[in-house]
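# Results of the structural survey
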Amino acid sequence: MTQRIALDSQQHQHYKLQEDKLFSHTKLAHILPLEVNEFAAAAAYFPIVFVKDSNTGQFRACVMTGIKPGQNLYWHQAGWQAGYTPQALRNYPLLAVQPDTTSGDYVIVVDTQSSLFNPQSGHSLFAAGQATEYLQQRAGAAIAQAKSVLLTQQFIQLLLELELLVARTLTLTPQGAEAYDLTGLYLIDEQRLAELTDQQWLSLRQNNSLLAVHAVLMSMNQVSALIQRSVL
Amino acid sequence: MLKSTLDEIVIVGGGTAGWLTAAILAKKLNAGKPGSVQITVIESPDIAILGVGEGTWPTMRTTLQTVGVDEGEFMRECDATFKQGAEFVNWQHTPVPGEKHSYFHPLSAVFHSSYDFNLAPYWLQGASDLPYDLAVASQSRICQLGLAPKKITTAAYSALQNYAYHFNALKFAAFMKKHCTEKLSVRFISGNVQQVSLHPCGAIASVSTDSAGEIKADFFVDCTGSKALLLGEALGVPWHGINDIIFNDTALAMQVPYPAPDWPIATHTIATAHEAGWTWDIGLHNRRGVGYVYSSSHSTDERAEQILRQHIGVQSEGLEARKIKLNLGYRQQFWRKNCVAIGMSAAFIEPLEASAIFLIEAAANMLADQFPRSSASLEFVEKKFNDTFKLRWDKSIDFIKLHYCISQRRDTEYWVDNCTDSSIPQSLQQRLAHWRLHPPGKYDFDYAFEPFVLDSYLFVLYGMKFNTDISHNLSSYSDIQSAHQLFAEIDRTTAILQQQLPTHRELLDKVYQYGMPKL
């Protein structure tokens, strides 16, 4: 369970942030969040799918990193096994949130359960009551991610309006084991995409969404790569 | 003379009946498209909507989905909550002071529809230790636990447990009005109808309003409530009273706040029997709607208010009770010439089992599906409509009466009178006589548009401990093993649901915040 609190120059003046190039907090995650501006880069390595957030029922975009819950086939003690690392992993344990959407200000929160955030070792966060250059750079990345989350939500809204998302069950048959269903995954339906009217197609272009739609479709090739990886 | 094609429909009266009818007609008849009918609603700016009907049936889900309403938005705008059934408290026998007994009538028997395998005869033989309502339906237990019928990830209008809504009827009418005028090309006129003009043939030609002059149309829908301006006053169709069967002709209603913002919200209507009627208790998101509906021949208004305040307790202090006179019965015809009445202008039984809004939906759907675009078809459709709705109202009256007439309560004249044979319709008496020796089966409900079907009757009959003696016919019910398997499956389903479902309030708070996923 993650517990997030806002970073505070007084309360956290002696705290430090370590970096973990292995992204060990994702060791047991079979899906990881991805934002729309990352689709093209991620599509060459992972299947991009849509799932419902169990807490809000809202759709979000994810990469599949395993073919069953509790499995991350890209995590390895020798290092991350893909040529792309989603920004949410790089920014962890920091996150930017907008407590008041009207003001537009962001607050940087931290997952206090993470050992990367500690008073002992790592990069200092504050000096003389001010954010260090390191923190400013990390905070900037977190804010960039928060902004791309909004773009992703708009993209998903458009997919829903155009009725392009469909529920798909992946039936997987690992070698020497019984077949099982991976449910709760939503994909872009190629058939429906082909049936869009010219006007609907135009709305995808005007929203700069064509690349993202195609990246998702291309990423489906990675499903077999993922299954391959699971039997190695 | 009527035109040969009926192209303009005027609905007189807004409210739940007017706007719901407008939405269903507009959607199904493609209003706003070239060549389709034009639909206009005339709503009085002065007449208040009665707005006590706060409970619906699961059919409302299909209705709202069909007319293109966003479920999450509707719930948020109308303070709506999920209704999974009703709990009937103290109906079965006279309660000793301090005691409470009850049974549930849930909206779904989950996967255990009695149509395929009727568990009742096995329950009668003692194949389960639980009361009937808990033995045959997971949903009764889900209601007891205050759990929601679905999860936040469940798509809009889909359900893990069948559900309907409780909502604020005033807000619902306003919400539907907005939806009709903004999205369904329904024309809206604010005005009071002052006069109705007829063609020589007796059909309605036009209505005159104070603000918009004379408005002609080819077809009229009377949604003017119990006044029935068109069908009753102008066309003179008489009212058929039913107060010899159902006695509750008066209601006292109160809006009761929750003691705290995170107070649990009941996911079913609580109907508690009293000395001369019963109280409803409906949990909306921001308050409860509580009211006492009673027989004015069996209770004074003062005594009724005392009962209501006692029932609510200290929370009723300082709250005002609103009195509503109810006219129980139905029009001898619902449709005459080019006019049909929908809502309280057509019929009203009493709030028990929330049949009012359901029958609005049913009437509007049939009107839309059968709409006689050619005036030559009017007469034929009129007859069909009148026949089917007479049957539906009679059957609804039978079912409502069932709740009273098999009670063991005899504490007041009200209950004695309710259980007297002369107050029970013949059709119901005959069936009850049969059910004393045979459990009800699907052949007892063979009409296609039966408003209350087998499962509903079973829940009420055996919730009320109705005695069906099957000792002479045990040989017909020997598949005890299948019965045990089904009872065990219901237990398992309940356990799984109990693990997965959030509390009712938890889900509502999320729906209000995030809406519901489209798929």
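The structure reproduced in this document is the subject of the present report. (Residues numbered from 1 in each chain as written. Chains lettered and ligands numbered in written order. Predicted model: local features only at pLDDT ≥ 70, side-chain atom pairs only at ≥ 80, totals over all residues. Heavy atoms only, no water.)

### Details of the overall build of chain A
If you tally the helices and strands in chain A, you get 7 helices and 13 strands. Relative to the globule expectation of 17 Å for 232 residues, the C-alpha radius of gyration of chain A, 19 Å, shows essentially globular dimensions. If you line up chain A on its principal axes, its C-alpha atoms span 60 × 50 × 30 Å. In chain A, which comprises 232 residues, the share counted as buried stands at 44%. On chain A, the mean spot of the 14 positive side-chain charges and the mean spot of the 18 negative ones are 7 Å from each other. (Helix = DSSP H or I, 4+ residues; strand = E, 2+ residues; numbered from the N terminus. Rg over C-alpha atoms; globule rule 2.2 N^0.38 Å. Buried < 20%, exposed > 50% of the residue type's maximum accessible area, 1.4 Å probe, protein only. Lys, Arg positive; Asp, Glu negative; His and termini not counted. Charge placed at Lys NZ, Arg CZ, Asp CG, Glu CD.)

### Some words on the overall build of chain B
On a plain count of helices and strands, chain B comes out with 16 helices and 21 strands. Against the 2.2 N^0.38 benchmark of 24 Å for 519 residues, chain B shows a C-alpha radius of gyration of 23 Å, consistent with a compact globule. C-alpha extents for chain B along the principal axes are approximately 65 × 55 × 50 Å. Here chain B, with 519 residues, has 59% of them falling under the buried criterion. Considering only residue pairs separated by 6 or more positions, chain B has 77% of its internal contacts joining residues 24 or more positions apart. Working note: accessible area of chain B is about 20700 Å², and carbon and sulfur atoms make up 51% of it. (Contact = heavy atoms within 4.5 Å. Areas by Shrake-Rupley, 256 points an atom, 1.4 Å probe, with all protein chains shown as cover.)

### Section: the interface of chain B and chain A
With 10 residues of chain B in contact, the opposing surface of chain A contributes 14 residues. For the pairing of chain B and chain A, the buried interface totals around 890 Å² over both sides, and the portion due to carbon and sulfur atoms is 58%. Of all residues in chain B, Y514, K518 and L519 of chain B give up the largest surface area on contact with chain A, accounting jointly for 58% of the area buried on that side. On inspection of chain B and its partner chain A, the count reaches 0 salt bridges. At the boundary of chain B and chain A, one finds 4 residue pairs in polar contact (both at pLDDT 80 or more). Considering only residue class, the side of chain B that touches chain A consists of 5 nonpolar, 3 polar and 2 charged. (Buried area = accessible area lost by both parts, 1.4 Å probe. Salt bridge = Lys/Arg side-chain N within 4 Å of Asp/Glu carboxyl O. Polar contact = N/O pair within 3.5 Å; in protein donor to acceptor, adjacent residues only side chain to side chain. Nonpolar A, V, L, I, M, F, W, Y, C, P; charged D, E, K, R; others polar.)

### A short note on the pattern of salt bridges
All names here are of chain B. Here the structure, examined in full by the defined rule, presents 25 salt bridges over all chains. Linking K28 and D369 is a salt bridge whose minimum nitrogen-to-oxygen distance equals 3.3 Å. Of this pair, K28 sits in helix α1 (residues 15–28) while D369 sits in helix α10 (residues 355–369); the two residues are 341 residues apart in sequence, bridging distant segments of the chain. Salt-bridge contacts for R287 lead to E54; the nearest nitrogen and oxygen are separated by 3.3 Å. With R287 in strand β16 (residues 287–294) and E54 in the loop between β2 (38–43) and α2 (59–66), this residue pair connects regions lying 233 residues apart in the sequence. With respect to class, R287 is no different from E54; both count as buried.

### Brief notes about the packing of aromatic side chains
Aromatic ring pairs: the centre-centre distance and the angle between the two ring planes describe each pair. All names here are of chain B. By the definition in use, this model includes 46 aromatic pairs over all chains. Seen in terms of ring centroids, F82 and Y163 are 4.9 Å apart; in terms of plane orientation they differ by 85°. Their pairing is edge-to-face. A residue pair is termed long-range when its members are at least 10 positions apart, and F82 in strand β3 (residues 81–83) and Y163 in the loop between α6 (138–145) and β6 (164–166) qualify at 81 residues. Here F82 and Y163 have matching classes, each one buried. Seen in terms of ring centroids, W123 and Y132 are 5.3 Å apart; in terms of plane orientation they differ by 80°. Their pairing is edge-to-face. An identical accessibility class is assigned to W123 and Y132; each is buried. Taken together, F88, W91, Y103, F247, W278, W280, Y404, Y414 and W415 form an aromatic cluster joined through their ring pairs. (Phe/Tyr/Trp six-rings, centres within 6.5 Å; stacked < 30°, edge-to-face > 60°.)

### Examining the side chain of T21 of chain B
As for its placement among the helices and strands, T21 of chain B is situated in helix α1. Residues within four places of T21 of chain B in sequence aside, it is in contact with I11, V221, C223, I342, I360 and A364 of chain B.

### Here we look at the nonpolar core
Residues I9, F74, M75, W91, F167, M176 and F219 of chain B are the most contacted members of the largest nonpolar core, which totals 169 residues. Among residues more than four places away in sequence, those in contact with M75 of chain B are A80, T81, F82, Y165, L508, V511, Y512 and M516 of chain B. In terms of nonpolar packing, the next biggest core, distinct from the first, is built from 48 residues, F50, L160, L204 and L217 of chain A among them. (Core = buried A, V, L, I, M, F, W, Y, C linked by side-chain atoms within 4.5 Å.)

### What to know about the sheet that holds strand β14 (residues 269–274) of chain B
Consider a sheet: its strands pair through backbone hydrogen bonds, and that pairing is either parallel or antiparallel. All names here are of chain B. As summarised here, the arrangement of the 7 strands in space is β5-β4-β14-β15-β16-β13-β17, forming an open sheet in which the pairing is mixed. Each edge of the sheet is formed by a strand with only one pairing partner; in this case those strands are β5 (102–106) and β17 (322–325). On average, each strand axis in the sheet is inclined to that of its neighbour by 20°, with strand direction left out of account. (Pairing = 2+ DSSP bridges. Axes fitted to C-alpha atoms, helices over the stretch in contact; angles between N-to-C directions.)

### A word on the packing of α1 of chain B against α10 of chain B
Residue and element names in this part refer to chain B. Look at α1 against α10: their axes get within 9 Å of each other, and the N-to-C directions meet at 30°. When the axis of α1 is compared with that of α10, the two are roughly parallel. Judged by the twist between their axes, the crossing of α1 over α10 is right-handed. Across from T16, A17, L20, T21, I24, L25 and K28 in α1, the residues of α10 making contact are I357, I360, E361, A364, N365, L367, A368 and D369. Here the residues of the contact of α1 with α10 are counted per class, giving 9 nonpolar, 3 polar and 3 charged. (Parallel < 35°, antiparallel > 145°, perpendicular 65-115°, else oblique. Left-handed = near helix turned anticlockwise from the far one by under 90°.)

### What about the pairing of strand β9 (residues 204–209) of chain B?
Residue and element names in this part refer to chain B. With 6 of 6 residues buried, β9 lies mostly within the body of the structure. Direction of pairing for strand β8 (residues 193–198) relative to β9: antiparallel, over a ladder of 5 bridges. By the bridge assignment for β9, Q195 is matched with S208. Here β8 folds back onto β9, and the loop between the two strands holds 5 residues, one of which, G202, carries a positive phi near 100°. Two strands pair when backbone bridges link them, and β9 and strand β10 (residues 213–216) are joined in this way by 4 bridges, in the antiparallel orientation. Note that in β10 the partner of S206 across the bridge is K216. Taking the residues that link successive antiparallel strands as the turn, the β9-β10 hairpin has 3 residues.

### Side note on the packing of helix α11 (residues 378–405) of chain B against helix α14 (residues 454–463) of chain B
Residue and element names in this part refer to chain B. Where α11 meets α14, the axes come as close as 9 Å, and the angle between the chain directions of the two elements is 20°. In terms of orientation, α11 and α14 fall into the roughly parallel class. Here α11 and α14 pass one another in a crossing that is left-handed. The segment α11 lies against α14, with K395, D398, F399, L402 and H403 engaging S456, Y457, V460 and L461. Grouping the amino acids of the contact of α11 with α14 by side-chain chemistry returns 5 nonpolar, 2 polar and 2 charged.

### Examining the environment of L145 of chain B
With respect to the helices and strands, the residue L145 of chain B is situated in helix α6. In sequence terms L145 of chain B and A266 of chain B are 121 residues apart; their C-alpha atoms lie 9.2 Å from each other.

### Comments concerning the pairing of strand β5 (residues 59–64) of chain A
Residue and element names in this part refer to chain A. Taking burial as the measure, the 6 residues of β5 include 5 buried ones, the bulk of the element. Sheet analysis places strand β4 (residues 48–52) next to β5, joined by 5 bridges and oriented antiparallel. In the strand pairing of β5, I48 is matched with V63. With antiparallel pairing between neighbouring strands as the criterion, β4 and β5 make up a hairpin whose turn holds 6 residues, including G57 at a positive phi of roughly 75°.

### Brief notes about the environment of H12 of chain A
All names here are of chain A. You can see H12 is positioned in the loop between β1 (4–6) and β2 (16–17). For the pair formed by H12 and G129, sequence separation is 117 residues and the distance between their alpha carbons is 9.7 Å. Look past the residues within four positions of H12 in its chain and what remains in contact with it is I5, A6, L7, F117 and F126.

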